[in-house]
Amino acid sequence: MELLSADPSYIGFLIVDLIAIFGLVAAMRWLSRFMVQPLNLRSEASNIETSAAVVALMLALTGVTSGSFSLTLFDEWLLVTGYGLLAIVLLRLGAWMQDKVVLPALNLSYATQQGNTAAAMITGSHLIGTAIVIQSSMTWASQDANLGMIALLFGFAISQFLLALETRLRLLWTGGGLIQAIDKKQNGVVLKATFQHIGAALAISGSAHFASAIEYQLELAVVAWLFSSIVFLIAYLALAELCVRFVLPKKATVEGGRATLEGAIYLGWGFILPALAS
């Protein structure tokens, strides 16, 4: 209320942001349903992917809706809508790249259409992971629209490279076990993989503050961001795996739900590592 009394125009900008957000969320929902096109209208798998896409978009939008408003209501609507539409395109592009480039042995979109919830969870985790990195890139350059757009595109490129690296390393460590788990709908193993993926994105996003200190030296900022992101990813994988080996029993038969517990530890390190480095 104090903010409203100090600046009556605040409510107008807030309404404009809400209108833009409602429209963008509706667009993402319908686009996701159109792209998946489930055989069963009550498909749980399709609902999982669509829900993850909506959450991912709203998460990405927190990067552009935070901070100061634009000079006019139209500029504010244009900024939020423009960034939101670009975020939708990048999120869906990232999901397509994961399906066709990173995991070519699987047709995740087709499996989701057939009702495979494990495939939907993998796609959903990548959508959310991409959104986490996009959000961090929006935040550190949120005061300059042109710079913010460049940062968003670089953030997307960095996220896809490093999240693809994390996925390929996981496939290497498991000997292709993840692909079999998705095909056989082993949701416990797949849930661990989704936690690991989102945790990796959180760790990567934590490196964005290294770029924020030099954001107006764009080339240097990108190099610093990429290098620090790789360091953060390696540290995240090493610390999380060390914690798993230290905390959990060695034999999987000792404790039920081990895969989910391991994933929870990885996800937790995704939150802790950026905090330790800040």
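To be clear, the structure that these remarks concern was listed above.
Residues numbered from 1 in each chain as written. Predicted model: local features only at pLDDT ≥ 70, side-chain atom pairs only at ≥ 80, totals over all residues. Heavy atoms only, no water.

Participant: What is the right way to look at the overall build of the protein in this model?
Facilitator: Tallying secondary structure elements over the protein gives 12 helices and zero strands in all. Each helix and strand of the protein, placed in order from N terminus to C terminus, yields the pattern α-α-α-α-α-α-α-α-α-α-α-α. Buried residues in the protein amount to 47% of all 278 residues. Taking contacts inside the protein between residues at least 6 apart in sequence as the whole, the part at least 24 apart equals 77%. (Helix = DSSP H or I, 4+ residues; strand = E, 2+ residues; numbered from the N terminus. Buried < 20%, exposed > 50% of the residue type's maximum accessible area, 1.4 Å probe, protein only. Contact = heavy atoms within 4.5 Å.)

Participant: Teacher, can you tell me more about unusual backbone geometry here?
Facilitator: Residues apart from glycine generally show negative phi values, whereas peptide bonds are mostly found in trans. We note that K185 has phi near 60°; this positive angle belongs to a residue other than glycine. Here K185 shows up in the loop between helix 8 (177-183) and helix 9 (187-205).

Participant: Hey, could you run me through empty space enclosed by the protein in this one?
Facilitator: To find the voids left in a structure, one rolls a probe of water-molecule size over its atoms. In total, this model carries one cavity of 30 Å³ or more according to the counting rule given. The space that makes up the largest cavity amounts to roughly 40 Å³. Lining the largest cavity, in full, are Q98, L103, I122, S125, T167, R170, L178, A193 and H197. Its residues assigned to classes, the lining of the largest cavity shows four nonpolar, four polar and one charged. (1 Å grid on protein atoms, 1.4 Å probe; cavity = no way out; pocket = protein on both sides within 12 Å on 5 of 7 lines; lining within 4 Å. Points joined across faces, edges and corners; volume = space filled by probe spheres on them. Nonpolar A, V, L, I, M, F, W, Y, C, P; charged D, E, K, R; others polar.)

Participant: Is there a simple way to think about the layout of surface pockets in this case?
Facilitator: Looking at the largest pocket, its volume works out to about 280 Å³. Lining the largest pocket are 15 residues; nearest its centre among them are R170, W173, T174, K192 and Q196. Of all the secondary structure elements, the ones that give two or more residues to the lining of the largest pocket are helix 7 (145-174), helix 8, helix 9, helix 11 (218-247) and helix 12 (258-277). The leading source of residues in the lining of the largest pocket is helix 9, at four residues. For the lining of the largest pocket, the per-class residue count stands at eight nonpolar, three polar and four charged.

Participant: Explanation requested: the side chain of E262 in the structure shown.
Facilitator: By the secondary structure assignment, E262 is in helix 12. Look at E262 and you get buried, because its relative accessible area is 9%. Excluding residues that lie within four positions of it along the chain, E262 makes contacts with K192, V244 and L248.

Participant: What should I look at first to understand the packing of helix 9 against helix 12 in this one?
Facilitator: The axes of two packed helices give the description: the angle between them and the distance between them. The interhelical angle for the contact between helix 9 and helix 12, taken along N-to-C directions, is 5°, at an axis separation of 8 Å. For the element pair helix 9 / helix 12, the angle class is roughly parallel. In this structure, helix 9 contributes G188, V189, L191, K192, F195, Q196, I198, G199, L202 and A203 to the contact, and helix 12 contributes A259, T260, E262, G263, A264, Y266, L267, G270, F271, L273 and P274. Residues belonging to the contact of helix 9 with helix 12 are distributed by class as follows: 13 nonpolar, six polar and two charged. (Axes fitted to C-alpha atoms, helices over the stretch in contact; angles between N-to-C directions. Parallel < 35°, antiparallel > 145°, perpendicular 65-115°, else oblique.)

Participant: What am I meant to see in the packing of helix 3 (residues 44-65) against helix 4 (residues 73-102) here?
Facilitator: At a closest axis distance of 10 Å, the pairing of helix 3 and helix 4 adopts a crossing angle of 140°. One finds that helix 3 runs oblique with respect to helix 4. Judged by the sense of rotation from one axis to the other, the crossing of helix 3 with helix 4 is right-handed. Of helix 4, the residues touching helix 3 (which contributes E49, A53, A56, L57, A60, L61, V64 and T65) are L79, V80, Y83, G84, A87, I88, L91 and R92. Within the contact of helix 3 with helix 4, the residues separate by chemical class into 12 nonpolar, two polar and two charged. (Left-handed = near helix turned anticlockwise from the far one by under 90°.)

Participant: Please clarify how the nonpolar core should be interpreted in this entry.
Facilitator: Most often, soluble globular proteins have nonpolar side chains that are buried together. With 53 residues, the main nonpolar core has L57, L91, I134, M138, L152 and Y236 as its most contacted residues. Secondary structure elements with two or more residues in this core: helix 2 (10-36), helix 3, helix 4, helix 6 (117-140), helix 7, helix 9, helix 11 and helix 12. Contact partners of I134, with chain neighbours within four places excluded, come to A60, L90, L91 and L152. In this structure, L108, A119, M121 and I122 belong to the second largest nonpolar core, which totals 16 residues. (Core = buried A, V, L, I, M, F, W, Y, C linked by side-chain atoms within 4.5 Å.)

Read these as geometric descriptors, not functional statements.
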